[in-house]
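Okay, here's what each chain looks like letter by letter:
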Amino acid sequence: MSDDTKAILRAFIVENFLFGDESQPLTADTSLIDNDYVDSTGILELVSYLEETFGIKVADTDIIPANLDSLARIAAFVDRKQAG
Amino acid sequence: MSKVRTFEAADLDDVANLFQRLLRKTSTPANDDLKSYFRQIFLDNARPEPAFRSRVHLRDDGSVSGFIGVLPVSMQFKDRQILALDCGSFVSDDRDVDPFAGARLLRDVLSGPQDLSFTETANDISTEMWKSMRATVLGSYSLGWLRILRPASFAIEAAANHMRALKLMRPLGYAFDGVLSRAVGPSSWLGYEQTPGKADAFLTEPISDAEFAALLPRLLTQFEIRPVWSNGQLEVMLQHAARKRNYGERHQRAVKNRSGKIIGLYLFYGSKGDIGRTVQVVSEPGLESIVIDCLLRDASACGLVAVRGASQPNIIQAMIGKKCAFVPAAATIVHTHDRELLEALKSGQAFINGLVGEGWTRFIGDRFE
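All values reported here derive from a predicted model rather than from experimental measurement.

Undergrad: In this structure, what is going on with the sheet that holds strand S13 (residues 262–269) of chain B? I would like to understand it.
TA: Sheets are built from strands paired through backbone hydrogen bonds, the pairs being either parallel or antiparallel. Residue and element names in this part refer to chain B. Ordered by their spatial adjacency, 7 strands build an open sheet running S10-S12-S13-S14-S15-S9-S16, and the pairing between neighbours is mixed. One side of each edge strand has no neighbouring strand; the edge strands of this open sheet are strand S10 (203–206) and strand S16 (325–328). Each neighbouring strand pair of the sheet contributes to a mean axis angle of 30°, computed without reference to strand direction. Relative to strand S12 (residues 250–256), S10 runs antiparallel, the two being bridged by 4 bridges. Residue Pro206 lies in a different strand from S12, and its bridge partner there is Arg253. Contacting S12, S13 and strand S14 (275–283), helix H7 (residues 209–219) crosses the sheet at an angle of about 125° to S13. Packed onto the sheet, helix H9 (residues 288–301) meets strand S9 (143–148), S10, S12, S13, S14 and strand S15 (306–310) and runs at close to 40° relative to S13.

Undergrad: What exactly am I supposed to notice about helix H4 (residues 71–83) of chain A here?
TA: Every α-helical turn comprises 3.6 residues, leaving residues that sit three or four positions apart pointing alike. Residue and element names in this part refer to chain A. Taking 1.5 Å per residue, 13 residues should reach 18 Å; H4 reaches 18 Å between its end C-alpha atoms and fits that length. Among all positions in H4, only Leu71, Ile74, Ala75, Phe77 and Val78 are buried. Looking down the long axis of H4, one finds its buried residues gathered within 160° of arc, a one-sided arrangement.

Undergrad: Whenever I open this one, the interface of chain B and chain A confuses me. Can you help?
TA: How big an interface is tends to be stated in terms of the accessible area lost upon association of its parts. Taken together, the contact between chain B and chain A spans 19 residues of the former and 20 residues of the latter. Around 1,700 Å² of area is buried between chain B and chain A when both sides are counted, 56% of it from carbon and sulfur atoms. Considering only the surface of chain B that becomes buried against chain A, Phe100, Arg104 and Arg107 of chain B emerge as the three largest contributors, covering 38% of it. In this structure, the connection of chain B to chain A is made through 4 salt bridges. Note that Glu45 of chain A and Arg134 of chain B form a salt bridge whose closest N and O atoms lie 3.3 Å from each other. Counting the contacts that link chain B with chain A gives 9 residue pairs in polar contact (both at pLDDT 80 or more). For the side of chain B that touches chain A, the secondary-structure elements that each account for two or more residues are helix H3 (100–110) and helix H4 (124–132) of chain B.

Undergrad: Please clarify how the nonpolar core should be interpreted in this entry.
TA: Side chains of a nonpolar character, in soluble globular proteins, are inclined to be buried together. Core analysis: the biggest nonpolar cluster contains 63 residues, and Phe38, Leu216, Leu265, Leu345, Leu355 and Phe363 of chain B have the highest contact counts within it. Looking at this core, the element that brings in the most residues is helix H2 (residues 32–44) of chain B, giving 6 residues. If sequence neighbours within four positions are ignored, Phe38 of chain B has contacts with Phe7, Leu12, Val15, Ala16, Phe19, Leu43, Phe67 and Phe363 of chain B. Judged by nonpolar contacts, the second largest core, of 48 residues, contains Phe17 and Ile33 of chain A together with Leu85 and Met133 of chain B.

Undergrad: Which parts of the structure should I look at to understand the pattern of salt bridges?
TA: Pairing between side chains becomes possible if they bear opposite charge and their charged atoms approach one another. All names here are of chain B. Tallied over the entire structure, the rule returns 34 salt bridges over all chains. Notably, a salt bridge pairs Asp13 with Lys35, separated by 3.6 Å at the nearest N-O pair. You can see Asp13 sitting in helix H1 (residues 12–22) and its partner Lys35 sitting in helix H2, a full 22 residues away along the chain. The class for Lys35 is buried, based on a relative accessible area of 18%.

Undergrad: I keep staring at the side chain of Ser92 of chain B and nothing clicks. Help me out?
TA: Residue and element names in this part refer to chain B. Position of Ser92 among the secondary structure elements: in strand S6 (residues 90–92). A polar atom in the side chain of Ser92 sits 3.4 Å from the backbone nitrogen of Gly102. Apart from the residues within four sequence positions on either side, Ser92 is in contact with Leu22, Ser65, Gly66, Ala101 and Gly102.

Definitions and cut-offs
Residues numbered from 1 in each chain as written. Chains lettered and ligands numbered in written order. Predicted model: local features only at pLDDT ≥ 70, side-chain atom pairs only at ≥ 80, totals over all residues. Heavy atoms only, no water. Pairing = 2+ DSSP bridges. Helix = DSSP H or I, 4+ residues; strand = E, 2+ residues; numbered from the N terminus. Axes fitted to C-alpha atoms, helices over the stretch in contact; angles between N-to-C directions. Contact = heavy atoms within 4.5 Å. Expected span 1.5 Å × (residues − 1). Buried < 20%, exposed > 50% of the residue type's maximum accessible area, 1.4 Å probe, protein only. Arc of directions from axis to C-beta. Buried area = accessible area lost by both parts, 1.4 Å probe. Salt bridge = Lys/Arg side-chain N within 4 Å of Asp/Glu carboxyl O. Polar contact = N/O pair within 3.5 Å; in protein donor to acceptor, adjacent residues only side chain to side chain. Core = buried A, V, L, I, M, F, W, Y, C linked by side-chain atoms within 4.5 Å.

Put into structure tokens, the structure is as follows:
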């Protein structure tokens, strides 16, 4: 995963789920769900963003916490999709 | 592992209980009437293609945590037939701990091969979810209109919706409205003001389900996007619409000119003292104002304190000057990949709410006993 991809994802999460608040804790492994950063709307927003930005197709079965619950998981998911 | 799949008879108990708890806001378990109605609406007449059927979301343990009801509607768009899915019944449990359930349900349905997906009953949460799927909110279909006919009685009735004991004050409201009416005289702010030569030159009369069903399609040809009901389908829907016991008496009427030609139809509910609810009002092009005045006249004559309904672009235009208030209501939202269709929807050329949506079902306005 490139640093560029990480930076793009982080910027999206800060802008859309943390409302630009850089002071909120957001490590690569911070759970977006446990910390109430995303709800159902946020999940859909995130998936649409991934499809539009990274040119990947997200299947229904992909929409699970194992793929989308943290910055690291999302980045790894994008990598797998782009590779596969 | 959690998953989304088509709704099956084995899910009826779980789905009806979810609906009861989350939408009807009661801890009483769903009864047989409600379960049977879910079967009738979402299973008995469902299409065979999985993409056009209702869905459930299952947790890891197989229990149901979400439901989206799908009602297919055949429609005409210009010279072609399209398939629309009304996706208005949408509930998701555990929203805080499992935000994936609702997201997966909505995404699964909206990514299907139908030409158009829509809802006309979206609350704030659903609206945001649909918007995240790049759906479009149709502003001119998402307003509620309200026309007050008896101001004091309306104030009491509106307050009594939150505190039932206030219904005891109804006689005071009638008395005050009577005094006001005599003091002010004829006024379009107080009830229906007579319009000789306009609406008062037209008659209205009750019509049967069969007559209503036969007449409505002719009045809809003015819309570029309109439903195409199969033989008997609309009549069956009207039979469902006859059962809205929470809304009071049904008024299904036709508006006729002096030569007997029917120029409009409407369906509203309400008994004396109620705030009436309009499910549908439709007219020949250019005669919307007359038909709305006739509706207000009938609503006033049967003692309603106010009447309300959902907006459509042509109705909004005709209501200007009729002392109607417009307030935010459940949103009408559309999702389509067809740009031409979307442009037609955005420009108000669709007949898409009321009887096209879920307004005809018992889920809206009836009791399950």
